[in-house]
Amino acid sequence: MKKTLIAGNWKMNKTPTESITFVKDLLERTKNYNDRDILICPPFTSLYPISTVLKNTFLFLGAQNVFYEEKGAFTGEISPLMLKDIGVDFVICGHSERRNIFGETDEIINKKIKKVVQNGINPILCIGEKLEERETGKTFEIIKKQLENCLIDFEDIEKLTIAYEPIWAIGTGKNATPQQVEEVHTFIRNWVGKKYGQNISDSIRVIYGGSVSPENIDDLMKEKDIDGVLVGGASLDIDKFSRIIDYK
């Protein structure tokens, strides 16, 4: 049976020193959980220091981004080969901030996902619609297009986690209702089932991200097709993140 996934995306926050302090505290607070996977995605500068703390523990380590080549003249980029060598388990691919601020396309994200899997790391594919797209009834059209484009010629679907992150709910404090999330998650799972088979659809994790908080986590996790959450701002606060992990 698949475990739920509670992932914290720190974005551009926390120094290596702050990161080590945080994960040591988190390890102590979450040592009794064995029915859910817990993932920390710090900035690149904190990955190696944290990896030394998390070695042989139950917490997973993730990167927030990656490049789609293993090595070469790509100034400022980090390859999946480098991430694998320091013990990274997951990589976030296609976060809306990467798309909207840095111009990443579905084609680029498709390359990243493939290269991540080739290097033995699990990709987390982020998809989601803008506010105007939801308000004009285009949510499912946008989700379908992103799935089709980002997963072209991608066969290792069982290694993929899909994160539905409506752009209008990220960092805005305006959360999608559990029913709205469930509706999209069900659509995603049905799409995967048609393309890859129902057994695969049932086994992969589809998680939600978008102003996840201690106040809404319990209601979100009651929905059948929500397999976890990708937490932004609340994952920076040890008390808030611990409460999210401790969903009821």
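See the structure shown above.
About the thresholds
- The numbers attached to residues start from 1 for each chain and follow its sequence in the written order.
- In view of the model being predicted, local features appear only for residues whose pLDDT reaches at least 70, and side-chain atom pairs are presented and counted only at 80 or more, with totals across whole chains, interfaces and linings using the full set of residues.
- Neither water nor hydrogens contribute to the side-chain values; these are computed over all heavy atoms in the structure.
- Each residue is placed in one exposure class: buried if its accessible area under a 1.4 Å probe, protein chains only, is under 20% of its type's maximum, exposed if it is over 50%, and partly exposed if it falls in between.
- Put simply, DSSP marks the helices as runs of H or I at least four residues long and the strands as runs of E at least two long, and each gets a number from the N terminus on.
- At least two bridges found by DSSP between two strands are what make those strands a pair.
- By convention, a crossover is right-handed whenever its connection, traced from the first strand over the helix to the second and viewed with the strands pointing away, goes clockwise.
- This arc describes the spread of directions from the helix axis toward the C-beta atoms.
- By definition in these notes, contact holds between two residues if any of their heavy atoms fall within 4.5 Å.
- Polar contact is defined as a pair of N or O atoms within 3.5 Å, subject to the rule that within protein one atom must be able to donate a hydrogen and the other to accept it, and that residues adjacent in sequence are counted only when both atoms are side-chain atoms.
- Axis definition: a line fitted to C-alpha atoms, limited for helices to the stretch in contact. Angles are taken between N-to-C directions and run from 0 to 180 degrees.
- Roughly parallel here means an angle under 35 degrees, roughly antiparallel means over 145, roughly perpendicular means 65 to 115, and every remaining angle is called oblique.
- Two helices cross in a left-handed way if the nearer one is turned anticlockwise from the farther one by less than a right angle. They cross in a right-handed way if the turn is clockwise.
- Classes in brief: Ala, Val, Leu, Ile, Met, Phe, Trp, Tyr, Cys and Pro nonpolar; Asp, Glu, Lys and Arg charged; the others, Gly included, polar.

Asker: Describe the pairing of strand β4 (residues 90–93), naming the residues involved and giving the relevant values.
Answerer: The side-chain alternation of β4 yields two buried faces, one formed by F90 and I92 and the other by V91 and C93. Summarising the sheet, strand β3 (residues 60–63) and β4 pair through 2 bridges and their orientation is parallel. For A63, the partnering residue across the bridge sits in β4 and is V91. On the question of chirality, the crossover connecting β3 to the parallel β4 by way of helix α3 (residues 80–85) is right-handed. Bridge analysis of β4 against strand β5 (residues 122–127) gives 4 bridges, and the strand direction is parallel. Following the sheet pairing, F90 is matched in β5 by N122.

Asker: Give a detailed account of helix α11 (residues 238–245), specifying residues and quantitative values.
Answerer: In an α-helix, one turn spans 3.6 residues; hence positions three or four apart end up facing the same way. All of the buried residues along α11 are I238, F241, S242, I244 and I245. Down the axis of α11, the smallest arc covering the buried residues is 160°, so these residues share one side. Elements in contact with the buried residues of α11: β1 (4–9), α1 (16–29), β2 (36–41), α10 (217–221) and β8 (228–231). Taking the backbone nitrogen of D239 as reference, a side-chain oxygen 2.9 Å away marks D237 as the first, capping residue of α11.

Asker: Report on the packing of helix α7 (residues 139–150) against helix α8 (residues 178–196), specifying residues and quantitative values.
Answerer: Look at α7 against α8: their axes get within 11 Å of each other, and the N-to-C directions meet at 40°. As far as their axial angle goes, α8 and α7 are oblique. Two packed elements cross with a definite hand, and for α7 against α8 that hand is right-handed. Each of T139, F140, I143, K144, L147 and E148 in α7 lies in contact with α8, whose residues at this interface are E183, V184, F187, I188 and W191. For the contact of α7 with α8, the class distribution of residues is 7 nonpolar, 1 polar and 3 charged.

Asker: Any chance you could break down the environment of R98 for me, citing the residues and the numbers?
Answerer: Here R98 shows up in helix α4 (residues 96–102). The exposure class of R98 is partly exposed, given its relative accessible area of 21%. In the structure, R98 is positioned 34 residues away from Q64 in sequence and 9.6 Å away in space, judged by C-alpha atoms. With sequence-adjacent residues up to four places away left out, R98 is seen in contact with N65, G103 and E104. There is a polar contact of 3.0 Å between the side chain of R98 and the side chain of E104.

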